[in-house]
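Analysis of the macromolecular model
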Amino acid sequence: MERRTFLRTAVIGTSAAAFGGTLWRGAAIADPAQPATGPYGALQAANSNGILLPSGFTSRIIARSGQAVPDTSYTWHSAPDGGATFTDGDGWIYVSNAEVSSGSGGGASAVRFNSSGTVTSAYRILSGTNNNCAGGRTPWNTWLSCEEVTRGFVYETDPWGVDAAVQRPAMGRFKHEAAAADPDHGYVYLTEDETDGRFYRFRPTTWGNLSSGTLQVLVAGSGTSGPVTWTTVPDPDGSPTQTRYQVSGAKVFNGGEGCFYAAGTCWFTTKGDNRVWAYDANASSLSLVYDDSLVYDDSLVTGGSAPLTGVDNVTRAASGDLYVAEDGGNMEICLITPDDTVAPFLRISGQSGSEITGPAFSPDGRRLYFSSQRGTSGSSSGGITYEVTGPFRS
């Protein structure tokens, strides 16, 4: 049996759960997302910032690594990575991690905007940490900044920069990537960036207080979809046995990256196999939303490869569309719609040595923030943080 046909058969009947049943493509068959023209149409020629966007969208540069954020005296950090936004009165704040060592300015920074989108200030919210890759916002308006190092910590930070950051060892010490808070069920989901990584959830003893709780790891069969269970990790400290090896039968995920929770589902990505997953928290089941080996109609593939590769950070719009950033690939943010299609939303030209990081929408959903981690120079000191504005659907 041809590989794509075989793999397709393995996920029939389960992937629909990822978007609440809207992934059905035909009678009793559900497929992971397939290439199609995006809801905003084709990408136009690169603009003055080197970004290809659909018609009606514009971009601006918010900050450059090693330079003062415009209209402030704050020098933007190197290697901008995971990010999120927070409502701030009539304006908002965008926070961004620095994926560099403590000696090179590791930690996280923030940019504050007023109601018209003008930058009013920028500042440091976390210092002295290592390789802070992604993270996640909490419902109580803190930013969880995750260290992507062996036995790394999660740090809970204040986007306003008033309260000191707090280390959260109860959330496990491992090579953290991203976090996604689930207020509906009282968990925080965590990805692990290892080739044999795991997918975790942390249940705080008291919701809203991450100082203590229970760390669990997902346990499932060898397939890509179906019901799952969770088992408590005996020693979240990860020493002498690392957390991913403590529970027999824990499901292996190849290079866990971004994750985002909304509407009863936690979406997360694995870069080693270019997959986007969906954990249905209501049904406690797992399914595939996208897999680059499951492109069934080769006539829809451009240049002989799937449209989305190097899957990394992920966010979700109010419309239900997922925006998945590429680490490498052809430097795109691709959009996966609730009706099971995938298409490029934007592309950054001339930066093949970089990766796109930190996609996050402003609270009103009208602006999308993200970074090119290494910019045109290919160096961590060359990062560029952007904003895209346009007619995002709601």
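Details of the structure are given in the entry above.
To keep things clear, this report deals only with the structure shown in the data block. This one's a predicted model, so the numbers in the text were calculated from it and none came from an experiment. (Residues numbered from 1 in each chain as written. Predicted model: local features only at pLDDT ≥ 70, side-chain atom pairs only at ≥ 80, totals over all residues. Heavy atoms only, no water.)

**Things to note about the sheet that holds strand S9 (residues 119–127)**
Each strand in a sheet pairs with its neighbour through backbone hydrogen bonds, running either in the same direction (parallel) or in the opposite one (antiparallel). Pairing in this open sheet of 4 strands is antiparallel, and the strands run S6-S7-S8-S9 from one edge to the other. Both outer strands of the open sheet, strand S6 (80–88) and S9, are each paired with one neighbouring strand and no more. The average undirected angle you get between the axes of adjacent strands in this sheet is 20 degrees. With 7 bridges connecting them, S6 and strand S7 (residues 91–98) associate as antiparallel partners. Residue pairing in the sheet places Asp 88 in a bridge with Gly 91 of S7. (Pairing = 2+ DSSP bridges. Helix = DSSP H or I, 4+ residues; strand = E, 2+ residues; numbered from the N terminus. Axes fitted to C-alpha atoms, helices over the stretch in contact; angles between N-to-C directions.)

**A word on the nonpolar core**
Nonpolar side chains in soluble globular proteins generally cluster together in the buried interior. Grouped together as the largest cluster of nonpolar side chains are 21 residues, with contacts concentrated most on Tyr 323, Phe 345, Leu 346, Leu 368, Phe 370, Val 388 and Phe 392. Mapped by element, the contributors of at least two residues to this core are strand S25 (322–326), strand S26 (332–336), strand S27 (341–348), strand S28 (356–361), strand S29 (367–372) and strand S30 (384–389). Setting aside residues no more than four positions away along its own chain, Phe 392 makes contact with Tyr 40, Phe 57, Tyr 323, Phe 345, Phe 361, Gly 365, Arg 366, Arg 367 and Leu 368. Grouped together as the second largest cluster of nonpolar side chains are 20 residues, Ala 134, Phe 199, Phe 253 and Tyr 279 included. (Core = buried A, V, L, I, M, F, W, Y, C linked by side-chain atoms within 4.5 Å. Buried < 20%, exposed > 50% of the residue type's maximum accessible area, 1.4 Å probe, protein only. Contact = heavy atoms within 4.5 Å.)

**A look at the environment of Gly 82**
In this fold, Gly 82 is placed in strand S6. The contacts of Gly 82, once residues within four sequence positions are left out, are Val 95, Ser 96, Asn 97, Cys 133, Ala 134, Trp 143, Asn 313 and Gly 358.

**Here we look at the sheet that holds strand S22 (residues 275–280)**
Strand order in the open sheet formed by 5 strands is S18-S23-S22-S21-S20, with antiparallel pairing between adjacent strands. Sheet topology places strand S18 (226–227) and strand S20 (256–262) at the edges, where each strand pairs with a single neighbour. For S18 and strand S23 (residues 285–291), the ladder comprises 2 bridges, and the chain directions are antiparallel. Note on S23: the bridge partner recorded for Pro 227 is Ser 285.

**A short note on the pattern of salt bridges**
Enumeration according to the criterion identifies 16 salt bridges in this entry. With a shortest N-O distance of 3.0 Å, Arg 112 and Asp 88 are connected by a salt bridge. Note that Arg 112 is positioned in strand S8 (residues 107–113) and Asp 88 in strand S6, a separation of 24 residues in sequence. Between Glu 156 and Arg 168 there is a salt bridge, and its shortest N-O distance comes to 2.9 Å. Taken together, the residues span a long stretch of sequence, with Glu 156 in strand S12 (residues 154–157) and Arg 168 in the loop between strand S13 (166–167) and strand S14 (176–182) at a distance of 12 residues. The burial state of Glu 156 is the same as that of Arg 168; both residues are buried. Linked through salt bridges whose partners overlap, the residues forming this network are Glu 192, Glu 194, Asp 196 and Arg 244. (Salt bridge = Lys/Arg side-chain N within 4 Å of Asp/Glu carboxyl O.)

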